[in-house]
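# Architecture at a glance
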Amino acid sequence: TDRTDYVAAPQNNLGYIMAVEKLCGIAAPERAQYWRVIMAELSRIASHLVWLGTHALDLGAMSVFLYAFREREMILEMFEMLSGQRMMTSYPRPGGVWRDPPPAFVPTLERFLDYFPGKIDDYESLLTENPLWIDRTQGIGVIEPEDALAYGVSGPSLRASGVNWDIRKAEPYSGYEQYDFDVPLGEHGDVYDRFYVRILEMRQSVKILRQAVDRVKRTTGPFRSENRKFVPPPRAELGRSMEAVIHHFKLWTEGFNAPDEEVYVAIESPRGEIGCYLHGTGGAKPRRVHFKTPSYMHVSALPLITKGHFIADLVAIIGSVDIVLGDCDR
């Protein structure tokens, strides 16, 4: 699932594994939920940085691109520390996460959280009152709230139109109800508001990450479920006994049966709602797996958003809804 939205891969993992857990009745431990939130918010920041840098570059601001990718590189290095992969992490797993991070991870994350807010200040000082940026973004590509809802727009693009809908608040998952954070909203629904809502979202992600780090430092316990029908045992538990390996393998293969039921799970990705529909068969293979992705919905709304504008405005409008073509064509 990492490659669906390759700019925020852990978010795709999270939507899918939550659907698997809901279908199969698997519970992830508390510590695993904290690591999931940390990965989700780091990927939100990394995705917004890719969007900010490329969007600014499209409109002629090269410096912001260089700065945004500099900070994103720090997050990718943390992903590699966690999972061995910079982008396609596959770190969240059904029942928990792949492993507990190495000891150096939390100090590295804390240094980033101290460093990054000042860089958001830099992005704002370069763009928010820049007359050229304002000329290219304010009053351009307006999405009225009722149109945004009718076209299935979600995420920052919806909230920039003043609609207060964030799945992390409205239908909390992974313990988001325990975190103190705000949902930034726009007033005009134009390109500028979509830009500024994402700037504010990065600040809120830092706020969530600080709380998650504090929680994970105070929590001990397992990082994945002990349900051996769905979650393989740790290597240390198997030891060198072939009998133990065969026992756990039989338990896993014979027990891996999902109920003949339907489930749908939605999460708040950096672009909007990622929904995963699963239909079990009573066996090990689902009858159907389907993803609802935000970029696909936003592409369908472009004829409405761009109507009456100049061709030169298309670049600003398309960039402002933050489309990733991987989750359009899947």
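Quick caveat: nothing in here was measured; it's all calculated off a predicted structure.

## Quick notes on unusual backbone geometry
- Phi at Ser 174 is positive, roughly 50°, even though this residue is not glycine.
- By secondary structure assignment, the location of Ser 174 is in the loop between α8 (167–170) and α9 (191–217).
- Classification of Ser 174 as buried rests on a relative accessible area of 10%.
- Located in the positive-phi region is Asp 322, a residue other than glycine, with phi close to 60°.
- Relative to the helices and strands, Asp 322 is located in the loop between α13 (311–320) and α14 (326–329).
- Residue class for Asp 322 comes out buried when judged on its relative accessible area of 6%.

## Some words on the side chain of Ser 205
- In this structure, Ser 205 sits in helix α9.
- Overall, the relative accessible area of 1% leaves Ser 205 in the buried class.
- Not counting chain neighbours up to four residues away, the residues in contact with Ser 205 comprise Glu 41, Arg 44 and Ile 45.

## Brief notes about the packing of helix α2 (residues 30–58) against helix α3 (residues 62–83)
- Here α2 crosses α3 at 155°, and the two axes come no closer than 8 Å. Put simply, α2 runs roughly antiparallel to α3. Viewed along their axes, α2 and α3 form a crossing whose handedness is left-handed. Residues Met 39, Leu 42, Ser 43, Ile 45, Ala 46, Leu 49, Val 50, Leu 52, Gly 53, Thr 54, Ala 56 and Leu 57 of α2 touch α3, and the partners they reach there are Met 62, Val 64, Phe 65, Ala 68, Phe 69, Glu 71, Arg 72, Ile 75, Met 78, Phe 79 and Leu 82.
- Of the residues in the contact of α2 with α3, the class split is 18 nonpolar, three polar and two charged.

## Structural notes on the state of the cysteines
- Per the stated rule, a full pass over the model turns up zero disulfides.
- Cys 24 takes part in no disulfide bond, and the closest cysteine sulfur to it belongs to Cys 276, at a distance of 12 Å.
- On the basis of relative accessible area, Cys 24 is assigned to the buried category, the value being 17%.
- Cys 276 supplies the cysteine sulfur nearest to Cys 328, a cysteine that is in no disulfide, at a spacing of 18 Å.
- Under the relative-accessibility criterion, Cys 328 is labelled buried at 15%.

## Focus: the pattern of salt bridges
- Under the counting rule described, the total for this entry stands at 21 salt bridges.
- Its salt-bridge partner being Asp 114, residue Arg 210 comes within 3.4 Å of it at the nearest N-O pair. Within this pair, whereas Arg 210 is found in helix α9, its partner Asp 114 is found in helix α4 (residues 105–127), the two being separated by 96 residues in sequence.
- Of the residues examined, Arg 210 reaches a relative accessible area of 38% and is grouped as partly exposed.
- Ionic contacts of the salt-bridge type, sharing partners, join the residues Glu 41, Arg 44, Arg 159, Asp 166, Arg 168, Glu 201 and Glu 268 into one network.

## Re the pairing of strand β3 (residues 262–268)
- Of all seven residues in β3, five are buried, a share of seventy percent or more.
- With seven bridges joining them, β3 and strand β4 (residues 273–279) adopt antiparallel strand pairing. Looking at β4, one finds that Tyr 264 is bridged to Tyr 277.
- Between the antiparallel neighbours β3 and β4 lie four residues, among them Gly 272 with a positive phi of about 145°.

## A few points about the packing of aromatic side chains
- Summed over the entire model, instances satisfying the criterion amount to 13 aromatic pairs.
- Taking 6.4 Å as the distance between ring centres and 35° as the angle between the ring planes, the aromatic pair formed by Tyr 16 and Phe 291 counts as tilted. Placement of Tyr 16 in helix α1 (residues 9–24) and of Phe 291 in strand β5 (residues 288–292) is noted, with a sequence separation of 275 residues between them.
- Given a relative accessible area of 28%, Tyr 16 falls into the partly exposed group.
- On the basis of relative accessible area, Phe 291 is assigned to the buried category, the value being 14%.
- For the pair Phe 112 and Phe 116, a centre-to-centre distance of 5.1 Å together with 15° between the ring planes defines the contact as stacked. Here Phe 116 and Phe 112 lie together in helix α4, a separation of four residues that amounts to about one turn. Both residues of the pair, Phe 112 and Phe 116, belong to the buried class.
- In this structure, Arg 168 packs its charged tip against the face of Tyr 176, placed 5.9 Å from the ring centre.

Cut-offs applied
Residues numbered from 1 in each chain as written. Predicted model: local features only at pLDDT ≥ 70, side-chain atom pairs only at ≥ 80, totals over all residues. Heavy atoms only, no water. Helix = DSSP H or I, 4+ residues; strand = E, 2+ residues; numbered from the N terminus. Buried < 20%, exposed > 50% of the residue type's maximum accessible area, 1.4 Å probe, protein only. Contact = heavy atoms within 4.5 Å. Axes fitted to C-alpha atoms, helices over the stretch in contact; angles between N-to-C directions. Parallel < 35°, antiparallel > 145°, perpendicular 65-115°, else oblique. Left-handed = near helix turned anticlockwise from the far one by under 90°. Nonpolar A, V, L, I, M, F, W, Y, C, P; charged D, E, K, R; others polar. Disulfide = S-S within 2.5 Å. Salt bridge = Lys/Arg side-chain N within 4 Å of Asp/Glu carboxyl O. Pairing = 2+ DSSP bridges. Phe/Tyr/Trp six-rings, centres within 6.5 Å; stacked < 30°, edge-to-face > 60°. Lys NZ or Arg CZ within 6 Å of the ring centre and 35° of its normal.

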